[in-house]
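Listed here are the chains, written in short residue letters.
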Amino acid sequence: MLGQGGQTALALVSLLLLLWREAAPIEVPQDPKILKDLKQPPTIIKQSVKDYIVDPRDNIIIECEAKGNPVPTFSWRRNGKFFNIGKDPRVTMRKRSGTLEIGFRSGGRPEDYEGEYQCFASNDFGVALSNKILLRVSKAPLWPKEVLEPVVVPEGSSLILPCNPPPGLPPPFTFWMNSAMIPIPQDKRVSMGLNGDLYFSNVLAKDAHTDYSCNARFLFTHTIQQKNPFTLRVQTNEPYNETSYNATDPYGGRKVVETTPTFLSPLGTESSKMVLRDEQLLLECIAAGLPTPTIKWFKKGGDLPAQKVKFEKFNKTLKIINVSEEDAGEYVCMAVNQLGSTRHSIFVQVKAAPYWLDKPSNLVLAPDENGRLVCRANGNPKPNIQWLINGQPIDSAPPNQGRQVLGDTIIFRSVQMGSSAVYQCNASNQHGYLLANALVSVLDMPPRMLGPKNQLIRVIENNRTFLDCPFFGSPLPILRWFKNGQGSGLDGGQYRVYVNGTLEIKRARAEDEGTYTCVANSILGKAENQVRVEVKEATRIVRAPEHQSVIRGTTARFDCKVTFDPSLSVTVTWMKDDKPLQMGWRLKKDEESLTIPNVNEGDEGMYTCTAKSDIDEDSSSARLTVLEEASLNPSVSSALPPDRPDPPMDLDLSDPAARSVRLTWIPGNDHRSTVTQFLVQFEEDHWDPGRWQNLSSYPGDLNSVILQLSPFVNYQFRVIAINSVGQSEPSRPSPRYKTSGAAPDSIPRGLRGWGSKKDNMEITWEPLLDLERNGPNLHYSVWWRRKDSGEEWSNVTTVESKYVVESTETYVPYEIKIQSRNDFGSGPESNVVIGYSGEDKPTDAPTELRVSKVDSTKGNVHWKSVDMNSVLGEFKEYRLYYWREASLVPGLVVSKEKKTKGFYTTAEEPSGILSDLVPFSQYKMFMVVANSRFESPPSNTVEFTTKEGVPDAPKFFRINRKSFDTIHLQWDKPLEPNGILIGYQLRYQTVNGSRAGRPQLETFYPNVTEFTIRLPDRSTRYRFYLSALTQVGSGEVFAEESPHFANEENFTDTTGLAYIDQVDIATQGWFIGLMCAIALIILILLIVCFIKRSRGGKYPGCSCVTGLAKYLVRDKKDLPLDPVDQKDQDGSFDYQNGSSVPDRNENENENENSSDEDNKPLQGSQTSLDGNVKESDDSLVDYGEGGDGQFNEDGSFIGQYTVKKDKDETEGNESSEATSPVNAIYSLA
């Protein structure tokens, strides 16, 4: 248990780690220009293995290579003491290297140099250490001289022939042979144990030999040493006859006592075994008994790991590869024969030498930055962690206020120039150790560009484009892109900036042309580079060649019209059957076509046109088929049109191979059109039975082809012939052909790793296609490990297309690879891809959110950034939530829907512009930081108001024509006044075609929403411009034009009724002159007639005159009168279109039962006070035929004072009567 002080220390450490924030370590690019100027401590790049066994016949070479700037110098320690190389003439060190060479040409024993060596690489900035290299000389001792007595055993008993090889270094490989150098046969009964002894479960008489010899092969010396042979004599109850031996009765009929199983190795009922993690576990059980026992294996409390276990030596040895902690436990071997069984328990302990959980990696920091080194290792027992600096224990190093050691972590604060060093982490336990060097380099370097200067990049329109800008600096600069030297940094929308400085243009367009400048800024300065982008039109074949069938001797022509960017040079080339086409005296090529005159059979084939520019190309192909020349005396069949070919026949398979077979067929009748192509299809009966799929196509002149096939598929094939008319019916299927299995050839596609939870990573991939399996029992082996951790790969095998790695840290990069396997073996491994474990909710919120420089529609937003480590995922953006809380316009209701705007920036005190705000409004906003899945807690909420702006356009603007000489305008206030309305402004002017009159201006109070304009002329048209006003100014203009009134054109007033605007013929000059002439003639005739009548004469001609007058009046009654002929009640003249509508309808209703047209009122009759129309009492109607008053036979008017029919009573018209023109004339007379 920890004491109170220990608990306090742990709590303090936990608090420090929780509050710790550090700069991301700088990755130094492997650019020669950078590395040349970069001062760095040494790094060990090559060294000999820890346990180093050398051949005594060779020179000894102990490797040690390191890099650094300045170039490191090397020294060695042997058995913990300084090794003075200069004093030993046999030892030399290679130039610019620490590798030692020890030669023995001048004498000396290699054994004198055995020991523990360690290399030190030093320069002005630190010291790096190699592993401790244990050097031992290989030994191959001779077998001791001994006299072996003959071994005598009774038949059926067990036997062990000991080997006891001499202890070599490394241990020798043992095997048993006879004097003829033939291996001793081994089987279930006779086998060699792990210790080299030869075990007989029971001895047969045929085992009696005099030359059982154990051999030891020493790997380094490549020598084999042989032990003196054993002589084995077998005692039998009856004589042994070799001819009587058979497998079913190995004792030749002799009676041999059978025995129950007992164990020869190991002895007893239980034993123990210790094995190290990742090594190989070998458990052995060899039993005696007659009949020969069978060995079976079990594991108590679980199953044997089937994927890791192998049984060898006839089940007597159990082997587990890559042992892990879960392989520990009790293993039971059971020996069984027909007489009984016996068991032996082996208790397996799994220990572990130290292995890395988090290997310290190099750390490059800028001055005043923070960082940390982490050294985490595990093992069994748990390893001890020791830190060293430049090869010396860190406890003995001079104190450093900016460095703090907390167990397996070293924390650096505000590092300064001159504090570079190499730190060593040593993790050790009783089973081994790990040593890792990690250089801490404090680097102070202004920004610099690493790529070529002023590049010109030409891209094809609508293609995705990447502009590279490799850069470096310490501290790490902030890189931004600008276009044409203007505006803010490019990021978002069409553009995306990657961490490495690359700018992506998602879809290049013509407006994306220009000069792009990347600028890297840090506190030490800035560097910039430019890239010139030119966007070009794609090269395209717009009129491609088409398949042709031509008669031999005629001319063929293939089109190939190309469009391309005029600034690019494009070459057009032709190929025939994928080979360049040589233009000669016969073949002719121009800019848009290829001409082949006098076609012959050699011209038949596939022609390809390729148009190629410096940056892109396009191609198109077409086949030329040459037909036979028509006969001079064509037969009936040749006169027939060509048709589709008959299907091929007699499909045959030959030349079978693992992945191919030859398919042969007999073509059918081509029906007067040469077969140009054969299409081979296949069907397999396992994955998709019954579905025919295209395999390959072949030229029409072939009828025997080798088909390339997939392993482990049961195929059958059919062939389709194709000519210029079309395809034949499929042939009859071929016999089935099954290919042999093989390991997979394909790598699963789409490998990726992503986290569905904060503590897992889902590894997913696309499963292999059915025809890619190549064999049964397809499964996938997946490996993963932390990126840059140096830890061993973890792996799993599954048949699914997904595996979830649990208990991961949040958003950690992993290296992932995959391999497919089946029963025939393993396929190729994929490339390593980088995946990430799951994301968590960001812990830190942006702080000090504020807004400045707010105008009517935008404002500048400022905030303090968060530590990127707190994002706990891929940083996506700072996401601003803002909404309109209220309008400052009284009574205006607004929507409070939240809107968002993202800002991608890694600056410490970033800012951005929030636009598209509504003027004269109160806003609220807060900010979060977002990763791919989550958002952080919100920042402080900020309230702000936008300034007053100009209003929107009025809600509507209508133009209504209520009469012929007025236009009525109506509008409504804007939906968004954007301030306090102070009125409206109406500008208008007359228009006549393209000519406009003098503008006129009207202003209105804010509560006025209509206006009437009197037209000077009924044909006048106006254009109106209406806008609302605030103190800031006039807002958006609502422009409308008054309707155009043609000779007959509908227009609608506010009641929705439509009328016809007719041109009044009475206003036309020619009509007025004609009417005046007729009226003058009638007037003269009437005067003459009435003068004669007043003298008492009878003039029937007067009746004709009055009749003509009546006809003219009646005939004109349907014509509208001029507006000057009508008066309103107030004495002003106006159009009747609008006002007369209800009167006209009312009169029509009153007269709907009357069929006498004479009872209808004349247009132009005066209107009574109640609006009803009434005819004049003294009109000529009253004097003509059918009227009440009539002329007598001498022509005198006798009905002047006669009472008329009371037409007014029928019409209900009580109004006063006007004097008719005729009566007026009569009275004058």
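Let us look at the structure shown here. What you see is a predicted model; the values in this text were computed from it and never measured.

Parameters at a glance
- Residues numbered from 1 in each chain as written.
- Predicted model: local features only at pLDDT ≥ 70, side-chain atom pairs only at ≥ 80, totals over all residues.
- Heavy atoms only, no water.
- Helix = DSSP H or I, 4+ residues; strand = E, 2+ residues; numbered from the N terminus.
- Buried < 20%, exposed > 50% of the residue type's maximum accessible area, 1.4 Å probe, protein only.
- Contact = heavy atoms within 4.5 Å.
- Areas by Shrake-Rupley, 256 points an atom, 1.4 Å probe, with all protein chains shown as cover.
- Pairing = 2+ DSSP bridges.
- Axes fitted to C-alpha atoms, helices over the stretch in contact; angles between N-to-C directions.
- Salt bridge = Lys/Arg side-chain N within 4 Å of Asp/Glu carboxyl O.
- Patch = residues over 30% accessible without salt bridge, like charges linked within 9 Å, V, L, I, M, F, W, Y side chains within 5 Å.
- Phe/Tyr/Trp six-rings, centres within 6.5 Å; stacked < 30°, edge-to-face > 60°.
- Lys NZ or Arg CZ within 6 Å of the ring centre and 35° of its normal.
- Core = buried A, V, L, I, M, F, W, Y, C linked by side-chain atoms within 4.5 Å.
- Expected span 1.5 Å × (residues − 1).

Remarks on the overall build of the protein chain
Counting its secondary structure elements, the protein chain contains 8 helices and 88 strands. Relative to its full complement of 1229 residues, the protein chain shows a buried share of 41%. Sequence separation of 24 or more characterises 65% of the internal contacts of the protein chain that already satisfy a separation of 6 or more. With an accessible surface of roughly 66,800 Å², the protein chain has 50% of that area assigned to carbon and sulfur atoms.

A word on the sheet that holds strand E56 (residues 617-627)
Taken together, the 5 strands give an open sheet; going across it, the order is E48-E56-E55-E51-E52, and neighbouring strands pair in mixed fashion. At either margin of the open sheet sits one strand with a lone partner, and together these are strand E48 (548-551) and strand E52 (579-580). Judged from the 2 bridges that link them, strand E51 (residues 571-576) and E52 form a sheet pairing that is antiparallel. Within E52, the position partnered with Lys576 by the bridge is Lys579.

Points about unusual backbone geometry
Residue Leu169 is joined to Pro170 through a cis peptide bond whose omega torsion reads -5 degrees. Inspection of the secondary structure assignment puts Pro170 in the loop between strand E13 (159-161) and strand E14 (173-177). Here Ser265 and Pro266 are connected by a cis peptide whose omega angle stands at -10 degrees. The residue Pro266 is located in the loop between strand E20 (259-265) and strand E21 (270-276) in this model. The phi dihedral of Lys313 falls on the positive side, at around 50 degrees, and the residue is not glycine. Along the chain, Lys313 turns up in the loop between strand E25 (309-312) and strand E26 (317-320). Residues other than glycine seldom take positive phi values, yet Asp916 does so here, at roughly 60 degrees. Within the element layout of this structure, Asp916 appears in the loop between strand E76 (911-914) and strand E77 (921-930).

Looking at the sheet that holds strand E7 (residues 91-93)
Taking strand neighbours across the sheet as the criterion, the 3 strands line up as E3-E8-E7 in an open arrangement whose pairing is antiparallel. A strand with exactly one partner marks an edge of an open sheet, and here the two such strands are strand E3 (60-62) and E7. Direction aside, the axes of adjacent strands within the sheet are offset by 20 degrees on average. Sheet analysis places E3 next to strand E8 (residues 100-102), joined by 3 bridges and oriented antiparallel. Residue Ile61 lies in a different strand from E8, and its bridge partner there is Glu101.

Points about the pattern of salt bridges
Under the criterion given, the structure shown has 50 salt bridges. Across the pair Glu312 and Lys319 runs a salt bridge whose closest N-O atoms are separated by 3.0 Å. A salt bridge links Glu976 to Arg884; the shortest N-O distance between them is 2.7 Å. One end of the pair, Glu976, is in the loop between strand E80 (966-971) and strand E81 (983-992); the other, Arg884, is in strand E74 (residues 877-887), with 92 residues separating them in the sequence.

Some points on a nonpolar patch on the surface
On the surface, a nonpolar cluster with roughly 500 Å² of combined accessible area is contributed by Leu1080, Leu1083, Ile1084, Ile1087, Val1088 and Ile1091. Assignment of secondary structure puts Val1088 in helix H4 (residues 1069-1094).

Let's talk about the pairing of E48
Of the two faces of E48, only the one carrying Gln548 and Val550 is buried; Ser549 and Ile551 on the other face are not. Pairing of E48 with E56, which is carried by 4 bridges, proceeds in the parallel orientation. The residue bridging Ile551 from the neighbouring strand is Leu627, located in E56.

Quick notes on the environment of Lys787
In this structure, Lys787 sits in the loop between strand E66 (779-786) and strand E67 (794-798). Counting along the chain gives 49 residues from Lys787 to Tyr836, while the straight-line C-alpha distance between them is 9.7 Å. Excluding its chain neighbours within four sequence positions, the residues that come into contact with Lys787 are Pro813, Tyr814, Glu815 and Ile834.

Description of the packing of aromatic side chains
In total, this model carries 34 aromatic pairs according to the counting rule given. On the basis of an interplanar angle of 15 degrees and a centroid distance of 5.5 Å, the ring pair of Tyr715 and Phe717 is categorised as stacked. Pair check on accessibility: Tyr715 and Phe717 agree, each one buried. Clustering of aromatic rings is evident, with ring pairs tying together Trp863, Phe875, Tyr878, Phe903 and Tyr904. Positioned above the aromatic ring of Trp883 is the side chain of Lys898, whose terminal nitrogen or guanidinium carbon lies 4.5 Å from the ring centre.

Some remarks on the nonpolar core
Membership of the largest hydrophobic core comes to 25 residues, with the highest contact counts inside it found for Ile60, Ile62 and Trp76. Among the elements of the structure, strand E2 (51-54), E3, strand E4 (64-69), strand E5 (73-78), E8, strand E9 (115-123) and strand E11 (133-137) are those that each provide at least two residues to this core. In this structure Ile62 touches Ser48, Tyr52, Trp76, Gly98, Thr99, Leu100, Tyr117, Ile133 and Leu135, once residues within four positions along its chain are discounted. Within the second largest apolar cluster, 22 residues are counted, among which are Cys375, Cys425, Ala427 and Leu434.

Looking at the environment of Ile85
Within the secondary structure layout, Ile85 lies in the loop between strand E6 (81-82) and E7. With 15 residues separating them in the primary sequence, Ile85 and Leu100 have C-alpha atoms 8.9 Å apart. Ignoring anything within four residues of it in the chain, the contact list for Ile85 reads Trp76, Val91, Met93 and Leu100.

Observations regarding H4
Here H4 contains 26 residues, and its C-alpha end-to-end distance of 37 Å stays within 8% of the 38 Å for a straight helix at 1.5 Å per residue. Those residues of H4 lying buried are Phe1071, Ile1082, Leu1086, Cys1089, Phe1090 and Arg1093.

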